[in-house]
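Observations on chain architecture
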Amino acid sequence: MTLTELLEHPTLGLRKLGGEAHASRPIQGVQVVEFPGEAEGLQPGSVALTTGVWMGRHPERQRAFAAALKGRALALGLHEGAVIPAMPEALRRACLEAGIAVFAIPHSTPLEAIGWAIAASLPALPLEAAQQALLEALEHSGDRGLVSRLAELSGLAVAYFAPWGQLSAGAGDFDPVGLWQALHHPTEREWLGEALGQVACSLPVRAGGRTQAVLVALAPDAEALGRARATLDFARRLLAVSLPERVGVIDQERLVRGGLLRELLLEPWNPELSPARLRAFGFTGEPVALAVVEVRDPWARQRESRQQQLEFRVFQDALRRAGEEFFSARGLPFLTGFLSEVVLLAWQSPRPREQLEGLRAALTAVAPASDTRLGLSSPHLPPDLPAAHREALLAAESVLQPRGSASWEELEPTAWVVATAPLERLRPVFDATLGAIRRHDPAGRLERTLRTHLELGRNLNQTAAHLGLHVNTVRKRLRQLEAILGDSLESAALLASLRLALLAERRLLAEGR
């Protein structure tokens, strides 16, 4: 593909801004360049693409950026509207003086679309050169660098997932959750098919006898994937070779984290040793929150065989890893482990409820259909983690809906009583209130009136309006309820019993009693 053919591409909508003297030259490559130092990786004769995030609207930076591209870039395309509304005149002039053609990319055209268009026209990169480039990227920048370089070499969107679907690294424009859900058995075998309106392939990365990650590439057509197949295979082999060492280091660190967390919960606080060990994991003595993750699936409760026990432990480990990914991505110091059949997640944060919803979503993504419930403590100083453990357990016990969560700080006293009371003590309270009402009125009119009346703050007029009844009808039903319950609906004791019964009903139903 020549520069002229790229600029006249029918679907990209590119706009020429000057410097077409070399428009007939073939394009040798394409790369997104955001910082001057990244220009060193450009193959001479390539097209450079940028959003202008580094240079912004500063003319001196724009000229420095153009100088870095000189002798390397055949042309520069600016993605208008991403950071800079339109091509700055200082940048355009500096590029033209350096012999670099300039064009504008509409905001509606993804940079990846230009990469795909150019990559589809290029001869396959010599495998040896691709291998060397990927190896250098892995050595210098780890998984993320390799994925980014792989995307540049292939012109494809590339994703690197943990086995439970958490995105570890990615390059390109795609929805990680939608892409993972579109894949078919990604951890079991290779797959090629449609995903997100394009064509995707998934390649399991195995090490130590099991799938440790999944490499995914997304392209506009199968031909583009085919041209990149050899490079994708090599990238997978590189990741597989580097995994065992990294997995061993990570597992060792995870073992230490789990041991420290168990010690803090079960052993007396050691003022000489414990603070130093916490500092090694980034804790600074600030408040720490603890979350308990319970799995209540039937299969999790009935683990009779060795295989079932192993499957449950693997699932718990996936939950633990998802929590670790969540905290790592946000730079929060954390410890994780297992204790008494639950997963424990502790992290340093003065406002842990701000992370609760995101953490619950990350854990639910591991297995969306599984009944996993999350209980969160209030923030405690590190020596008080045993108290945080008790709070988190009670909060988790109060969660009555599958895949729900609860915070200790939001747990009202009656909910706390229901969460901690034995079921055999809750049943009599239920039978004497809601049970009695249902026995007298199986049709449920009195119960609906009572629930509405309590929800609306016992306001007679609002209750009547909400139910579409006359006030006298509501008043008559309330007198019937008082006769059944043997007390006034203004009685604090009766109101407390009704509140307990309503909460107990959810727990009794949830546990099949």
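Quick note: structure is the one above.
None of these values were measured; they are calculated from a predicted model.

Brief notes about empty space enclosed by the protein
Scanning all chains against the criterion turns up one cavity of 30 Å³ or more. Counted as a void, the largest cavity has a volume near 40 Å³. Surrounding the largest cavity, Val-293, Arg-360, Leu-363, Thr-364, Thr-372, Arg-373, Leu-374 and Gly-404 form its lining. Of all the secondary structure elements, the ones that give two or more residues to the lining of the largest cavity are α12 (353-364) and β14 (372-376). When its residues are assigned to classes, the lining of the largest cavity shows three nonpolar, three polar and two charged.

Thoughts on the nonpolar core
Grouped together as the largest cluster of nonpolar side chains are 28 residues, with contacts concentrated most on Leu-156, Tyr-160, Leu-215 and Leu-232. At the level of secondary structure, the elements contributing two or more residues to this core comprise α5 (127-154), β6 (157-161), β7 (167-171), β9 (198-207), β10 (210-219), α7 (222-227) and α8 (229-266). Listed in part, the 26 residues of the second largest apolar core include Phe-315, Ala-318, Leu-319 and Leu-345.

Notes on the pairing of strand β5 (residues 101-105)
The element β5 is extensively covered by neighbouring structure, given that five of its five residues are classed as buried. Burial of β5 is two-sided: the residues Ala-101, Phe-103 and Ile-105 facing one way and the residues Val-102 and Ala-104 facing the other way are all buried. Where strand β1 (residues 15-16) lies against β5, two bridges are found, and the strand directions are antiparallel. Counted as the bridge partner of Arg-15 is Ala-104 from β5. Assessed by its sense of winding, the connection that carries the chain from strand β4 (residues 73-79) through helix α3 (residues 89-97) to β5 is right-handed.

Examining helix α13 (residues 385-398)
With 14 residues, α13 should cover 20 Å at 1.5 Å per step; its first-to-last C-alpha distance of 20 Å lies within 8% of that length. The set of residues buried in α13 consists of Leu-385, Ala-388, His-389, Glu-391, Ala-392, Ala-395, Ala-396 and Ser-398.

Some points on helix α18 (residues 471-485)
If you check α18, its first and last C-alpha atoms are 21 Å apart, about what 15 residues at 1.5 Å a residue would give, namely 21 Å. Every buried residue of α18 is accounted for by Val-474, Arg-477, Leu-478, Leu-481, Ile-484 and Leu-485. Buried residues of α18 fall within an arc of 115 degrees about the axis and therefore sit on the same side. Structural note: α18 exposes Lys-476, Arg-479 and Ala-483 on the side pointing more than 90 degrees away from its buried face. Directly after α18, the chain includes Gly-486, whose backbone phi takes a positive value near 75 degrees.

So, the packing of helix α16 (residues 445-455) against helix α17 (residues 460-467)
Viewed as axis vectors pointing N to C, α16 and α17 meet at an angle of 130 degrees, and their least axial separation amounts to 9 Å. Classified by the angle between their axes, α16 and α17 sit oblique to one another. Here α16 and α17 pass one another in a crossing that is right-handed. Across the interface between the two elements, Thr-449, Thr-452 and His-453 from α16 touch Leu-460, Thr-463, His-466 and Leu-467 from α17. Of the residues that constitute the contact of α16 with α17, the class distribution is two nonpolar, five polar and no charged.

Some remarks on the packing of aromatic side chains
A complete count under the given rule lists four aromatic pairs for this structure. Their ring planes at 75 degrees and their centres at 5.6 Å tell us that Phe-326 and Phe-327 sit as a pair that is edge-to-face. Judged by relative accessible area, which is 4%, Phe-326 ranks as buried. A connected cluster of aromatic rings, assembled from ring pairs, spans Phe-326, Phe-327, Phe-334 and Trp-347. Sitting over the face of the ring of Phe-334, Arg-257 holds its NZ or CZ atom 4.1 Å from the ring centroid.

A short note on unusual backbone geometry
Residues other than glycine seldom take positive phi values, yet Arg-403 does so here, at roughly 60 degrees. Looking at where Arg-403 falls in the secondary structure, it is placed in the loop between α13 and β15 (405-407). Here the phi dihedral of Arg-458 falls at roughly 60 degrees; this positive angle occurs in a residue that is not glycine. Following the sequence through the fold, Arg-458 ends up in the loop between α16 and α17.

Re the sheet that holds β1
With mixed pairing, the five strands of this open sheet are ordered in space as β1-β5-β4-β3-β2. Looking along the sheet, the strands with just one partner apiece sit at the ends: β1 and β2 (30-32).

Examining the pattern of salt bridges
Here the structure, examined in full by the defined rule, presents 22 salt bridges. As a salt-bridge pair, Asp-371 and Arg-373 come within 2.8 Å of each other at their nearest N and O atoms. When its relative accessible area of 6% is taken as the criterion, Arg-373 is described as buried.

Here's the deal with the pairing of strand β13 (residues 342-348)
With seven of seven residues buried, β13 is to be regarded as a mostly interior element. In the sheet, strand β11 (residues 288-295) pairs with β13 via six bridges, with the strands oriented antiparallel. Paired with Val-288 across the strands is Gln-348, a residue of β13. Of the pairings in the sheet, the one linking strand β12 (residues 334-339) to β13 comprises six bridges and is antiparallel in character. By the bridge assignment for β13, Phe-338 is matched with Val-343. Counting the residues that bridge the hairpin from β12 to β13 gives two residues, and of these Ser-340 lies at a positive phi of roughly 55 degrees.

Here's the deal with the layout of surface pockets
Gaps left between atoms show up when a probe the size of a water molecule is rolled over them. Roughly 890 Å³ of volume is contained in the largest pocket. In this structure, the largest pocket is lined by 30 residues; those nearest its centre are Pro-163, Trp-164, Gly-165, Gln-166 and Val-366. Within the residue set of the lining of the largest pocket, elements represented by two or more residues are α6 (176-182), β10, α11 (306-329) and α12. Top contributing element to the lining of the largest pocket by residue count: α11, with eight residues. Its residues assigned to classes, the lining of the largest pocket shows 18 nonpolar, seven polar and five charged.

Topic: the side chain of Arg-373
Tracing the backbone through its elements, the reader meets Arg-373 in strand β14. Side-chain polar atoms of Arg-373 contact the side chain of Asp-371, separated by 2.8 Å. Within the structure, Arg-373 has its side chain in polar contact with the backbone oxygen of Val-399 (distance 2.8 Å). The residues contacting Arg-373, other than those within four sequence positions of it, are Val-292, Val-293, Glu-294, Arg-296, Val-399, Leu-400, Gln-401, Pro-402, Arg-403 and Gly-404.

Here is what the cut-offs are and how they apply
- In this numbering scheme, every chain counts its residues from 1 along its sequence in written order.
- In keeping with the model being predicted, local features are shown solely for residues with a pLDDT of at least 70 and side-chain atom pairs are shown and tallied solely at 80 or more, while totals for entire chains, interfaces and linings include all residues.
- Hydrogens and water are ignored here; the side-chain numbers use all heavy atoms of the structure.
- Note on definitions: the grid is 1 Å and covers protein atoms alone; a cavity is a set of points where a 1.4 Å probe fits but cannot get out; a pocket is an open set with protein on both sides within 12 Å along at least five of seven lines; lining residues have an atom within 4 Å of a point.
- Grid points are joined across faces, edges and corners, and a volume is the space filled by probe spheres set on the points.
- Only runs of H or I of at least four residues qualify as helices and only runs of E of at least two qualify as strands under DSSP, and these elements are numbered from the N terminus.
- The classification used treats Ala, Val, Leu, Ile, Met, Phe, Trp, Tyr, Cys and Pro as nonpolar, Asp, Glu, Lys and Arg as charged, and all other residues, Gly among them, as polar.
- As used here, the term nonpolar core means buried Ala, Val, Leu, Ile, Met, Phe, Trp, Tyr and Cys residues forming a set that is joined through side-chain atoms within 4.5 Å.
- Whether a residue is buried, partly exposed or exposed follows from its accessible area with a 1.4 Å probe, protein chains only, as a fraction of its type maximum: under 20%, in between, or over 50%, in that order.
- Note on pairing: two strands pair once DSSP finds at least 2 bridges between them.
- Crossovers are described as right-handed under a simple rule: with the strands pointing away from the observer, the path leading from the first strand over the helix to the second runs clockwise.
- Between the first and last residue of a helix there are one fewer steps than residues, each counted as 1.5 Å, and that sum is the expected span.
- Directions drawn from the helix axis to the C-beta atoms are what define this arc.
- The axes used here are C-alpha line fits, helices contributing only the stretch in contact, and every angle between their N-to-C directions lies in the interval 0 to 180 degrees.
- Just so you know how the angles are binned, under 35 degrees is roughly parallel, over 145 roughly antiparallel, 65 to 115 roughly perpendicular, and the rest oblique.
- Should the near helix be turned counterclockwise from the far one by less than a right angle, the crossing is left-handed, whereas a clockwise turn marks it as right-handed.
- Should any heavy atoms of two residues lie within 4.5 Å, those residues are considered in contact.
- Aromatic rings from Phe, Tyr and Trp, with only the six-membered ring used for Trp, were paired whenever their centres fell within 6.5 Å, and each pair was classed as stacked if the ring planes differed by under 30 degrees, edge-to-face if by over 60, and tilted otherwise.
- Here, a charge over a ring is recorded when the distance from Lys NZ or Arg CZ to the ring centre is within 6 Å and its angle to the ring normal is within 35 degrees.
- Criterion for a salt bridge: a side-chain nitrogen of Lys or Arg within 4 Å of a carboxyl oxygen of Asp or Glu.
- Here a polar contact is taken to be a pair of N or O atoms separated by no more than 3.5 Å, where protein atoms must pair a possible hydrogen donor with a possible acceptor and residues adjacent in sequence count only if both atoms sit in side chains.

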